[in-house]
Amino acid sequence: MTLDPIPQASPLSQYLAHRAEIDAAVQQVMSAGRYILGHEVEEFEKEYADYIGTRFAIGVASGTDALVLALRACKVGPGDEVITSPHTAVATVAAIELAGAVPVLVDIEPDTFLIDPSKIENAISSRTHAIIPVHLFGQPADLSAILAIAQPHAIHVIEDCAQAHGALYRDKRVGNWGIAGCFSFYPTKNLGAIGDGGMVVTDDENLASEVRKLREYGWRERFISEVPGLNSRLDEIQAAILRVKLRHLDRSNDRRRQIAEQYTHALSSQLAVPVVKASRTSVFHQYVVRSSARGDLQSDLRGQGVGTAVHYPTPIHLQPAYRGRIGDNGSFPVAERAAGEILSLPLYPELDTSQIERVINAIRNSFAAAGYARI
């Protein structure tokens with residue numbers, strides 16, 4: 001009997017798990033007749049702010065827009081420099097440039113893949129106006145160390161929380177440490193819409209007001225643009241879907257951690273498995289292992305019906321759009337090595353026991369047959 005392939009991620013499974021609730025929420029929006037910035041968005045903003053622990057949450061069209069609007073609300077613009085990581089989704093750096101600023105990269109920690117705080121100080125200049133730590137793969141960056149560097153220089157810390165919905169650094173959720181936190185609701189995220197969506201969270205009332213204004217043409221009063229803004233609104237249907245999924249988020253994150261523990265227990269002798277630092281609670285948006293035989297292993301797993309992915313195969317500074325402008329070969333050696341060795345295994349809450357065992361057995365079979373060395 002041929003078994004169905006196991007995908008690396010499955011937004012469809014998340015929908016099917018809560019189908020009745022989601023369908024009812026969508027139908028309610030359709031029947032209400034207000035589809036932009038209505039009741040569902042207002043309620044979701046309140047609920048999400050309460051969940052994160054901030055005073056304000058502002059729904060926007062995407063995680064990228066959340067970063068752009070947070071930067072602009074912090075008055076970061078042309079000529080200003082923003083420090084971030086070369087090992088992240090390209091959206092982080094794209095947002096910096098969309099705000100008119102200049103991205104400045106620093107290398108990552110070899111065990112967590114997160115921005116290395118020890119390298120930030122040397123990257124600061126008189127033009128540095130913000131640092132964007134990326135809470136990559138669901139684990140918080142070292143926020144205490146980053147804030148200790150930023151605060152004496154009066155540099156804003158804007159958290160990229162796109163992959164870390166619900167993650168904890170010490171006693172607080174990410175998004176609740178810097179001046180603002182920016183979330184994506186892309187369908188594969190731990191809290192995913194069925195389409196695009198994003199959120200800016202903050203305790204700063206002035207920043208919240210500015211983001212609300214900027215997301216809709218610079219309006220405070222309808223049809224009166226106080227500043228140049230853009231159209232970046234979270235729509236009612238996505239907000240309704242996200243309200244449903246938010247009710248299940250902590251349970252889903254717990255399930256991700258359980259799966260991660262199973263993988264770690266079973267695979268640590270074959271692969272370099274994720275390292276979660278003390279005082280941090282990861283939500284395992286991805287379960288990322290390392291292998292010097294990554295390409296062969298990925299091919300073997302594909303042949304056994306196990307999907308994998310590489311997040312991310314090319315560091316930002318080596319991508320055609322940025323190469324030579326913000327770095328080149330050898331600029332960030334830790335990130336460059338990681339990009340050639342990392343592999344994301346299947347991980348989503350709906351994976352069942354038999355599928356998890358298939359993933360583990362497929363990896364063991366590959367190592368037994370090929371004799372790959374542990375990195």
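Scroll up to find the structure.
Read on for a plain summary of the structure. All values reported here derive from a predicted model rather than from experimental measurement. (Residues numbered from 1 in each chain as written. Predicted model: local features only at pLDDT ≥ 70, side-chain atom pairs only at ≥ 80, totals over all residues. Heavy atoms only, no water.)

Considerations on the overall build of the chain
Now for step 1: Helix and strand content of the chain: 12 helices and 14 strands.
Now for step 2: Its C-alpha atoms give the chain a radius of gyration of 21 Å, near enough to 21 Å, the size a compact globule of 375 residues would have.
Now for step 3: Projecting the C-alpha coordinates of the chain onto the three principal axes gives extents of approximately 65 × 55 × 40 Å.
Now for step 4: In the chain, buried positions account for 57% of the 375 residues.
Now for step 5: Counted over contacts in the chain with a minimum sequence separation of 6, partners at least 24 positions apart contribute 70%. (Helix = DSSP H or I, 4+ residues; strand = E, 2+ residues; numbered from the N terminus. Rg over C-alpha atoms; globule rule 2.2 N^0.38 Å. Buried < 20%, exposed > 50% of the residue type's maximum accessible area, 1.4 Å probe, protein only. Contact = heavy atoms within 4.5 Å.)

Points about the side chain of serine 62
Now for step 1: Residue placement: serine 62 occurs in the loop between strand E1 (56–60) and helix H4 (63–73).
Now for step 2: Excluding anything up to four places from it in sequence, serine 62 contacts Gly197 and Gly198.

Some remarks on the side chain of glutamate 341
Now for step 1: Note on placement: glutamate 341 falls in the loop between helix H11 (333–339) and strand E14 (342–345).
Now for step 2: Given the relative accessible area of 10%, glutamate 341 is considered buried.
Now for step 3: Of the polar contacts made by the side chain of glutamate 341, one reaches the side chain of arginine 290; its length is 2.6 Å. (Polar contact = N/O pair within 3.5 Å; in protein donor to acceptor, adjacent residues only side chain to side chain.)

Considering the sheet that holds strand E5 (residues 156–160)
Now for step 1: Strand order across the open sheet formed by seven strands is E1-E9-E8-E5-E4-E2-E3, with mixed pairing between neighbours. Either end of the sheet is taken by a strand with one partner, and the two such strands are E1 and strand E3 (102–105). Strand-to-strand, the axes of this sheet are offset by a mean angle of 25°, without reference to chain direction.
Now for step 2: Bridging between E5 and strand E8 (residues 180–184) involves three bridges; their strand directions are parallel. What sits directly across from glutamate 159, in E8, is glycine 181.
Now for step 3: Against the sheet, H4 touches E1, strand E2 (81–84), strand E4 (128–131), E5, E8 and strand E9 (198–202), its axis set at about 160° to E8.
Now for step 4: Along the sheet face, helix H5 (residues 90–98) touches E2, E3 and E5 and points at about 145° away from the line of E3. (Pairing = 2+ DSSP bridges. Axes fitted to C-alpha atoms, helices over the stretch in contact; angles between N-to-C directions.)

Section: the environment of valine 288
Now for step 1: Within the fold, valine 288 resides in strand E13 (residues 287–290).
Now for step 2: Overall, the relative accessible area of 4% leaves valine 288 in the buried class.
Now for step 3: Sequence separation between valine 288 and threonine 112 is 176 residues; the distance between their C-alpha atoms is 9.7 Å.
Now for step 4: Once residues within four sequence positions are removed from consideration, valine 288 is found in contact with Phe113, Phe137, Ala272, Val273, Pro274, Ile342, Leu343 and Ser344.

Details of the packing of helix H2 (residues 19–32) against helix H8 (residues 236–246)
Now for step 1: Viewed as axis vectors pointing N to C, H2 and H8 meet at an angle of 150°, and their least axial separation amounts to 9 Å. When the axis of H2 is compared with that of H8, the two are roughly antiparallel. When the axes of H2 and H8 are compared, the crossing they make is right-handed. Listed contacts from H8 to Glu21, Ile22, Ala25, Val26, Val29 and Met30 of H2 are Glu236, Ile237, Ala240, Ile241, Val244 and Lys245.
Now for step 2: Here the residues of the contact of H2 with H8 are counted per class, giving nine nonpolar, no polar and three charged. (Parallel < 35°, antiparallel > 145°, perpendicular 65-115°, else oblique. Left-handed = near helix turned anticlockwise from the far one by under 90°. Nonpolar A, V, L, I, M, F, W, Y, C, P; charged D, E, K, R; others polar.)

Here's the deal with the packing of helix H3 (residues 39–52) against H8
Now for step 1: It is the contact of H3 with H8, at a shortest axis distance of 8 Å, that shows an interaxial angle of 35°. For the pair H3 and H8, the crossing hand works out as left-handed. Counting all contacts with H3, which are made through His39, Glu40, Val41, Glu43, Phe44, Glu47, Tyr48 and Tyr51, the residues of H8 involved are Glu236, Ala239, Ala240, Leu242, Arg243 and Leu246.
Now for step 2: Residue composition of the contact of H3 with H8, by class: eight nonpolar, one polar and five charged.

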